[in-house]
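# Architecture at a glance
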Amino acid sequence: MIKSLFIGGFALVVLASCGGKDEKFCKCLEVSETFNSMTNDALTQEVTPKSAKEMKAMKAKKKKLCADYEVMGGPEMMKLKEACTSSK
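Along each chain, numbering runs from 1 in the same order as the chain's sequence is written. In keeping with the predicted nature of the model, local features appear solely for residues at pLDDT of at least 70, side-chain atom pairs appear and are counted solely at 80 or more, and the whole-chain, interface and lining totals rest on all residues. With hydrogens and water stripped out, all remaining heavy atoms of the structure feed into the side-chain values.

## Notes on the packing of helix α2 (residues 23–44) against helix α3 (residues 49–66)
Note the threshold: For helices, the fitted axis covers only the stretch in contact; all axes are lines through C-alpha atoms, and the angles between them, taken along N-to-C directions, range from 0 to 180 degrees. Numbering of helices and strands starts at the N terminus; helices are DSSP runs of H or I of at least 4 residues and strands are runs of E of at least 2. Angles are sorted into four bins: roughly parallel if under 35 degrees, roughly antiparallel if over 145, roughly perpendicular if 65 to 115, and oblique for all others. Each helix crossing is assigned a hand: it is left-handed if the near helix lies turned anticlockwise from the far helix by less than a right angle, otherwise right-handed if that turn is clockwise. Note on contacts: a residue pair qualifies if any of its non-hydrogen atoms lie within 4.5 Å across the two residues. Residues are grouped as follows: Ala, Val, Leu, Ile, Met, Phe, Trp, Tyr, Cys and Pro are nonpolar; Asp, Glu, Lys and Arg are charged; every other residue, Gly included, is polar.
Two elements in contact, α2 and α3, have axes separated by 9 Å at closest approach and are oriented at 150 degrees. In terms of orientation, α2 lies roughly antiparallel with respect to α3. Crossing geometry of α2 relative to α3 is assigned as left-handed. When α2 is examined against α3, the residues Lys24, Lys27, Cys28, Val31, Ser32, Thr34, Phe35, Met38, Thr39 and Ala42 are found in contact with a partner set consisting of Glu54, Met55, Met58, Lys59, Lys61, Lys62, Leu65 and Cys66. When grouped by side-chain class, the residues that make up the contact of α2 with α3 number nine nonpolar, three polar and six charged.

Right under this line is the structure:
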């Protein structure tokens, strides 16, 4: 009885993790969009020491969050992106 409950629970966890969205990727996407916006603003506005510091911090955060996805292929990345945007 306990064995079958354990196997059933494990199967449920595996199925839940396969479907749905990758929260870490979604956070990476969000931080990347924020960093891109900051970079675009820097091209049209004066960069202050405060904004430069914020951009540097955001770049480091992006690098850390997105490290697992640097070598991911385009089609796979688009599927993950779609999962992030479809659940908003």
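Back to the write-up after that little detour.
## Here's the deal with the state of the cysteines
For the record, the criterion: By definition, disulfides here are pairs of cysteine sulfur atoms that lie within 2.5 Å. Buried, partly exposed and exposed residues are distinguished by accessible area as a fraction of the type maximum, computed with a 1.4 Å probe on protein chains only: under 20%, between the cut-offs, and over 50%, respectively.
Taken as a whole and assessed by the stated rule, the structure comprises two disulfides. Disulfide partner of Cys26: Cys84, at an S-S distance of 1.9 Å. Where Cys26 bonds to Cys84 through sulfur, the torsion about that S-S bond is close to -95 degrees, and the disulfide is left-handed. One end of the pair, Cys26, is in helix α2; the other, Cys84, is in helix α4 (residues 74–86), with 58 residues separating them in the sequence. Comparing Cys26 with Cys84, the two get one shared label, buried. In this model, Cys28 is linked to Cys66 through a disulfide, with the two sulfur atoms separated by 1.9 Å.

## Here's the deal with the side chain of Ser32
Convention followed: In protein, a polar contact requires one atom able to donate a hydrogen and another able to accept it; more generally it is a pair of N or O atoms within 3.5 Å, and residues adjacent in sequence count only if both atoms are side-chain atoms.
By the element assignment, Ser32 lies in helix α2. At 2.9 Å, the side chain of Ser32 and the backbone oxygen of Cys28 are in polar contact. In contact with Ser32, not counting residues within four places along its chain, are Lys62 and Cys66.

## Concerning the environment of Met38
Relative to the elements of secondary structure, Met38 occurs in helix α2. The spatial distance from the C-alpha of Met38 to the C-alpha of Met58 is 9.0 Å, given a sequence separation of 20 residues. Residues in contact with Met38, not counting those within four places in the same chain, are Glu54, Met55 and Met58.

## Let's talk about the confidence of the model for the chain
To keep things clear, this is the line we draw: pLDDT measures the predictor's confidence residue by residue and takes values from 0 up to 100.
In the predicted model, the chain carries a mean pLDDT of 81, and the fraction of residues at 70 or more is 76%. Averaged pLDDT values over the elements of the chain bottom out at 39 in helix α1 (residues 2–18) and peak at 96 in α3. When the criterion is pLDDT under 50, residues 1–18 qualifies, and its contacts beyond four places in sequence or with other chains add up to zero contacts.

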